[in-house]
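Structural overview for review
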Amino acid sequence: MQLNTLRDLADSIADTRIQDLFAKGSDRAKAFSATTGDLLFDYSKTQIDEKIRSALIHLCDRANLAARREAMFTGEKINETEGRAVLHTALRNLDGGAVEVDGEDVMPGVLATLQRMRVFAEEVRGGTISGSGGSFTDVVNIGIGGSDLGPVMATHALAPYHDGPRLHYVSNVDGAHIADTLRELDPARTLVIVASKTFTTIETMTNARTARAWMLDGGGDPARQFAAVSSAVDKTGNFGIPEDRVFGFADWVGGRYSVWGPVGLPVMIAVGSNAFDAFLRGGQAMDLHFRSAEWTENMPVMLALVGIWHRQVLNYASRAVLPYDQRLLRLPAYFQQLEMESNGKSVAMDGSVLTVPSGPVVWGEPGTNGQHAFYQLIHQGTDVIPCEFMVAAEGHEPELAHHHRLLLANCLAQSEALMCGRSLDEARTRMAEKGLHGGELERQARHRVFPGNRPSTTLIYPKLTPFVLGQIIALYEHRVFVEGVLLSINSFDQWGVELGKELATSLGPIVDGDVGTENKDGSTAALVSYALRHRG
């Protein structure tokens, strides 16, 4: 990745404040934004100017981004380390024509599975499919990683459309999670969905067995009250789940990209098949935009290029995702997995060591809560943290419109404050107005200086609907893809999660006390010894 030109440009504008760029022309906000449908992405509150944008776009051409994009959409095996296609986009390709993998059109199978999901979801919602005690009041989804974060995030986000059974999610192997979840539920009126592609994920299967025992003890019937999202029909059958309750997906769908298909089954049960279809339509609309828009007008591309500018050129190590929408409370965690598992690499596609930083640390919380937690560091800390704000123009509660106006005002104020800051002279004037003078005025004024010139972007949308949520999720998926292409890394494997799982398996007998710690390092051995001594 050749960044010399961009680093020279960064040096040349080191003393330029973002506000100065607005002074150069009244149309900066329009010129440095991108739109698709009713979404508006504003990146004008960054130091990117026309020269920098042009140099960033040159990276796309050098990396042959257009060809890589087409390779993904058409089913080529761009996940080279695993020899797989990357086709989560096919899950939302409702009427986009054939998509071939190894010469076979995968769309008939995708659409058939989607139709099976619709029928199952509506029969659960309508009571045709029920438990031993009657129609289902609750659904418990057991999964982890992409089999949990996606549907959890979407269920919260689409709460205004939730008119089905209550939804609960269990992911952590910590027994507290499943115990707290099941405690108040009726085993005879609870549906359990076990989401594991291989049906071997140790955390998921441990929780699934616990849920099955709980159901049997409480008079439920696992044969009619369990379903599975898995491709291992033999294993689901051995677990006692009928084949018509199993919904599989291919290995060309990665876990963190899987909410569009069977992993999204609990979301469909919660909001209904029509709302889920609208979610898919939103993702498909973003796909069409990503495939057709010119680079400067292409929202995923520009979002990615802003990320490259901040992380790889300016070396800002983290990025805050700040949705001003309480129902998007799990979105930062979802994006954290999406980007950090995808682009948290140190080796390029060809096996060589990366010569530039890889993906940033992604974190965040909803506004306005975050304002009373970590915004202090964002505004006055020593590290610059680019912020990505998200907000709707309108909320779902017309009777509480004054709440939403206050929310919107806070979101816009924060991005303005990050850019403008407050100078020492302004702080001195404020302290003088409070009656301070001399050394105390100077001391107090310095604590009230905001350096400003801190970059942010804002994604604004009319209202958080299923369609808009689909657009947002697909936007960030494609952003991660573009960044991966520009970094020459494989965004679709995740070998970094394997070593810890392997060691956990080997540590199981040691923690049980059946095997000694002779082959373990001193620290691990001491920690095991402590746990064994204090175990009840």
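The text that follows walks through the structure, step by step, so that each part is easy to find. (Residues numbered from 1 in each chain as written. Predicted model: local features only at pLDDT ≥ 70, side-chain atom pairs only at ≥ 80, totals over all residues. Heavy atoms only, no water.)

**Topic: the sheet that holds strand β1 (residues 33-36)**
- Reading across the sheet, the six strands line up as β1-β2-β15-β14-β12-β13 and stay open at both edges, with mixed pairing between neighbours. The sheet is open, and its two edges are formed by β1 and β13 (361-363), each paired on a single side. Between one strand axis and the next, the sheet turns through 15 degrees on average, direction left out of account.
- As paired elements, β1 and strand β2 (residues 39-42) share four bridges and run antiparallel to each other. Note that in β2 the partner of Thr-36 across the bridge is Leu-39. (Pairing = 2+ DSSP bridges. Helix = DSSP H or I, 4+ residues; strand = E, 2+ residues; numbered from the N terminus. Axes fitted to C-alpha atoms, helices over the stretch in contact; angles between N-to-C directions.)

**Notes on the sheet that holds strand β11 (residues 246-247)**
- With respect to topology, five strands assemble into an open sheet ordered β8-β7-β9-β10-β11, the strand pairing being parallel. With partners counted over all chains shown, the strands left at the sheet margins are β8 (166-170) and β11, one partner each.
- The sheet contact formed by strand β7 (residues 138-142) and β8 spans five bridges and is parallel. Bridging across to β8, Ile-142 finds its partner in Val-170.
- Set on the sheet, helix α8 (residues 175-182) makes contact with β7 and β8; between it and β8 the angle comes to about 165 degrees. (Contact = heavy atoms within 4.5 Å.)

**Regarding unusual backbone geometry**
- Here the amide bond leading from Gly-367 into Thr-368 is cis, since omega sits at 10 degrees, within 30 degrees of zero.
- On the secondary structure map, Thr-368 appears in the loop between β13 and α16 (375-380).
- Of note, the phi angle at Asn-315 is positive, near 65 degrees, even though the residue is not glycine.
- Along the polypeptide, Asn-315 turns up in the loop between α14 (299-313) and β12 (318-324).
- Unlike most non-glycine residues, Asn-453 shows phi in positive territory, near 55 degrees.
- Looking at Asn-453, the relative accessible area reads 18%, which means it is buried. (Buried < 20%, exposed > 50% of the residue type's maximum accessible area, 1.4 Å probe, protein only.)

**Details of the pairing of strand β10 (residues 226-229)**
- Of the two faces of β10, both are covered, the one formed by Phe-226 and Ala-228 as well as the one formed by Ala-227 and Val-229.
- Direction of pairing for strand β9 (residues 190-195) relative to β10: parallel, over a ladder of four bridges. Bridged to Ala-195 within β10 is Val-229.
- Summarising the sheet, β10 and β11 pair through two bridges and their orientation is parallel. Bridged to Val-229 within β11 is Phe-247.
- The parallel pair β10 and β11, bridged by helix α11 (residues 233-239), forms a crossover whose chirality is right-handed. (Right-handed = clockwise from strand over helix to strand, strands pointing away.)

**Some details on the pattern of salt bridges**
- Counting across every chain of the model gives 27 salt bridges.
- Of the charged contacts in the structure, one is a salt bridge between Arg-118 and Asp-277, with a shortest N-O distance of 3.2 Å. Placement of Arg-118 in helix α6 (residues 107-126) and of Asp-277 in helix α13 (residues 273-292) is noted, with a sequence separation of 159 residues between them. Of the two residues, Arg-118 and Asp-277, both sit in the buried class.
- The closest approach of N and O atoms between Asp-493 and Lys-345, which form a salt bridge, is 2.7 Å. Here Asp-493, found in the loop between α20 (466-487) and α21 (498-511), pairs with Lys-345, found in the loop between α15 (331-343) and β13; they are 148 residues apart in sequence, far enough to count as distant.
- Judged by relative accessible area, which is 5%, Asp-493 ranks as buried.
- Owing to a relative accessible area of 15%, Lys-345 belongs among the buried residues under this scheme.
- Connected through salt bridges with shared partners, the residues Arg-319, Glu-339, Glu-388, Arg-479 and Glu-483 form a single ionic network. (Salt bridge = Lys/Arg side-chain N within 4 Å of Asp/Glu carboxyl O.)

**Quick word on the packing of aromatic side chains**
- Per the stated rule, a full pass over the model turns up 16 aromatic pairs.
- Summarising the aromatic geometry, the rings of Tyr-334 and Phe-335 are spaced 6.0 Å apart at their centres and angled 50 degrees between planes, so their arrangement reads as tilted.
- Judged by its relative accessible area of 2%, Tyr-334 is buried.
- A relative accessible area of 2% means that Phe-335 is categorised as buried.
- Ring centres 5.4 Å apart and planes at 35 degrees place the aromatic pair Phe-374 and Tyr-375 in the tilted group. (Phe/Tyr/Trp six-rings, centres within 6.5 Å; stacked < 30°, edge-to-face > 60°.)

**Considerations on the side chain of Thr-457**
- Of note, Thr-457 is situated in strand β15 (residues 456-461).
- Every residue in contact with Thr-457, bar those within four places of it in the chain, is listed here: Phe-41, Asp-42, Tyr-43, Thr-46, Val-306, Cys-387, Glu-388 and Phe-389.

**Focus: helix α5 (residues 65-73)**
- What α5 keeps buried is the set Leu-65, Arg-69, Ala-71, Met-72 and Phe-73.
- Buried residues belonging to α5 abut α4 (50-62), α13, α14 and α20.
- Backbone geometry just downstream of α5 places Gly-75 in the positive-phi region, at approximately 90 degrees.

**Remarks on the nonpolar core**
- In terms of nonpolar packing, the biggest core is built from 118 residues, with Trp-252, Trp-309, Phe-335 and Leu-469 touching the most fellow members.
- No other element matches α20, which puts 13 residues into this core.
- Not counting residues up to four positions away in its chain, the partners in contact with Leu-469 are Met-153, Ala-154, Ala-157, Leu-158, Phe-279, Leu-328 and Leu-464.
- Within the second largest apolar cluster, 20 residues are counted, among which are Leu-182, Ala-208, Trp-214 and Ile-241. (Core = buried A, V, L, I, M, F, W, Y, C linked by side-chain atoms within 4.5 Å.)

**Thoughts on the packing of helix α1 (residues 4-12) against α14**
- In contact at an axis separation of 11 Å, α1 and α14 are set at 85 degrees when each is read in the N-to-C sense. As summarised for this structure, α1 and α14 are arranged roughly perpendicular, according to the angle between their axes. Touching Leu-6, Arg-7 and Ala-10 of α1 are Trp-309, Gln-312 and Val-313, all from α14.
- The residue makeup of the contact of α1 with α14, split by class, is four nonpolar, one polar and one charged. (Parallel < 35°, antiparallel > 145°, perpendicular 65-115°, else oblique. Nonpolar A, V, L, I, M, F, W, Y, C, P; charged D, E, K, R; others polar.)

**Overview of the pairing of β2**
- The hairpin formed by β1 and β2 contains two residues between the paired strands, and Gly-37 there has a positive phi angle of roughly 55 degrees.
- Here β2 runs beside β15; their pairing, made up of three bridges, is antiparallel. Residue pairing for β15: Asp-42 is matched across the bridge by Thr-458.

**What about the side chain of Arg-311?**
- For Arg-311, the position within the fold is in helix α14.
- Despite being buried, Arg-311 has no salt bridge partner; Glu-339 is the closest side chain of opposite charge, sitting 8.1 Å away.
- In this structure the side chain of Arg-311 is engaged in a polar contact, spanning 3.3 Å, whose partner is the backbone oxygen of Ser-358.
- Residue contacts for Arg-311: discarding those within four places in its chain leaves Tyr-316, Ala-317, Pro-357, Ser-358, Gly-359 and Pro-360. (Lys, Arg positive; Asp, Glu negative; His and termini not counted. Polar contact = N/O pair within 3.5 Å; in protein donor to acceptor, adjacent residues only side chain to side chain.)

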